[in-house]
Amino acid sequence: EDQVTQSPEALRLQEGESSSLNCSYTVSGLRGLFWYRQDPGKGPEFLFTLYSAGEEKEKERLKATLTKKESFLHITAPKPEDSATYLCAVLLANAGGTSYGKLTFGQGTILTVHP
Amino acid sequence: DTEVTQTPKHLVMGMTNKKSLKCEQHMGHRAMYWYKQKAKKPPELMFVYSYEKLSINESVPSRFSPECPNSSLLNLHLHALQPEDSALYLCASSQDLGDGNEQFFGPGTRLTVL
């Protein structure tokens, strides 16, 4: 069964305290892994797409990496405005081996950054 | 421009009402999606449209009826809903159903069923 697991469920950091969020997956055919940020009551905001093991993407204080079994979202010197829920999602393949558009999300990590 | 718009922002309806949610994108995307998100849970896929044709229905009850009038618009018609249908309804779009195509989400419609 395809599964996406994020850890920790919640993470509290002091401003400037770097850390990492984890997304592990067991899927039969990965056609892309995505990171989103979601603020309360709003839609998810796209951050990164990762497709191949070894791939890395960066944006401001965030860096996403991908291996064959997991992805990490590294947050360097976070600020209070980085507080949000971070969602990992995988795009799965259909029986024919191509994507059919279904994103499966992990449960998310709630990040709180204190000033 | 990576904007997906949704109207209304908030909707309160009774169990006998009929209402519609609307979604629009002008990015030239050919795949559009409806998701349902309950509090403190991740989004769950409901429907996928590809090139204006329904591609996936995730066993959604018939009281939810999607419609894709053209490549920019996506509607979700609601009828005889239950209180447990109260949730944030999210629309998303992507270039198409190809590998690695990121989905861009709208701000959502907060639905309350009384």
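Residues numbered from 1 in each chain as written. Chains lettered and ligands numbered in written order. Predicted model: local features only at pLDDT ≥ 70, side-chain atom pairs only at ≥ 80, totals over all residues. Heavy atoms only, no water.

So, about the interface of chain A and chain B. Interfaces are often described in size by the accessible area the parts lose on coming together. Every contact between the two is made by 22 residues of chain A and, on the other side, 23 residues of chain B. Buried surface at the junction of chain A and chain B, summed over both partners, amounts to about 1700 Å²; 56% is from carbon and sulfur atoms. Where chain A touches chain B, the interface holds two salt bridges. Between Arg-31 of chain A and Asp-99 of chain B there is a salt bridge, and its shortest N-O distance comes to 2.6 Å. Joining chain A to chain B, the criterion identifies eight residue pairs in polar contact (both at pLDDT 80 or more). Secondary-structure elements contributing two or more residues to the side of chain A that touches chain B are strand S4 (30-38), strand S5 (45-50), strand S9 (84-93) and strand S10 (99-105) of chain A. With six residues, S10 of chain A is the single largest residue contributor to the side of chain A that touches chain B. Looking at the side of chain A that touches chain B residue by residue, the classes come out as ten nonpolar, nine polar and three charged. (Contact = heavy atoms within 4.5 Å. Buried area = accessible area lost by both parts, 1.4 Å probe. Salt bridge = Lys/Arg side-chain N within 4 Å of Asp/Glu carboxyl O. Polar contact = N/O pair within 3.5 Å; in protein donor to acceptor, adjacent residues only side chain to side chain. Helix = DSSP H or I, 4+ residues; strand = E, 2+ residues; numbered from the N terminus. Nonpolar A, V, L, I, M, F, W, Y, C, P; charged D, E, K, R; others polar.)

All names here are of chain B. Tallying each qualifying case throughout the model produces nine salt bridges over all chains. Ionic pairing is found between Asp-85 and Lys-36, a salt bridge with its closest N-O pair at 4.0 Å. One end of the pair, Asp-85, is in the loop between strand S8 (73-79) and strand S9 (87-94); the other, Lys-36, is in strand S4 (residues 31-37), with 49 residues separating them in the sequence. Both residues of the pair, Asp-85 and Lys-36, belong to the buried class. (Buried < 20%, exposed > 50% of the residue type's maximum accessible area, 1.4 Å probe, protein only.)

Now for the state of the cysteines. Under the defined criterion, the tally for this structure stands at two disulfides over all chains. Sulfur-sulfur distance for the disulfide between Cys-23 of chain A and Cys-88 of chain A comes to 1.9 Å. Here Cys-23 of chain A and Cys-88 of chain A share a disulfide; its torsion about the S-S bond, -55°, makes the bridge left-handed. Here Cys-23 of chain A, found in strand S3 (residues 19-26), pairs with Cys-88 of chain A, found in strand S9; they are 65 residues apart in sequence, far enough to count as distant. On the basis of relative accessibility, which here comes to 0%, the residue Cys-88 of chain A falls in the buried class. Note on cysteine connectivity: Cys-23 of chain B is disulfide-linked to Cys-91 of chain B, with sulfurs 1.9 Å apart. Every disulfide takes its handedness from the sign of the S-S torsion; for Cys-23 of chain B and Cys-91 of chain B that torsion is -70°, giving left-handed. Linking Cys-23 of chain B in strand S3 (residues 18-25) with Cys-91 of chain B in strand S9, this pair joins segments that are 68 residues apart in sequence. Residue Cys-23 of chain B is classed as buried on the basis of its relative accessible area of 2%. (Disulfide = S-S within 2.5 Å.)

Residues and elements named next belong to chain B. Secondary-structure assignment places Asn-75 in strand S8. Accessibility expressed as a relative area gives 7% for Asn-75, which makes it buried. Not counting residues within four places of it along the chain, the set of residues in contact with Asn-75 comprises Leu-21, Lys-22, Trp-34, Ser-65, Pro-66, Glu-67 and Pro-69.

Here the amide bond leading from Ser-7 of chain A into Pro-8 of chain A is cis, since omega sits at -10°, within 30 degrees of zero. Checked against the element boundaries, Pro-8 of chain A lands in the loop between strand S1 (3-7) and strand S2 (10-14). The phi torsion at Lys-40 of chain B lies on the positive side, around 60°, for a residue other than glycine. Its place among the elements puts Lys-40 of chain B in the loop between S4 and strand S5 (44-50). The phi dihedral of Tyr-51 of chain B falls on the positive side, at around 50°, and the residue is not glycine. On the secondary structure map, Tyr-51 of chain B appears in the loop between S5 and strand S6 (53-57). A relative accessible area of 46% means that Tyr-51 of chain B is categorised as partly exposed.

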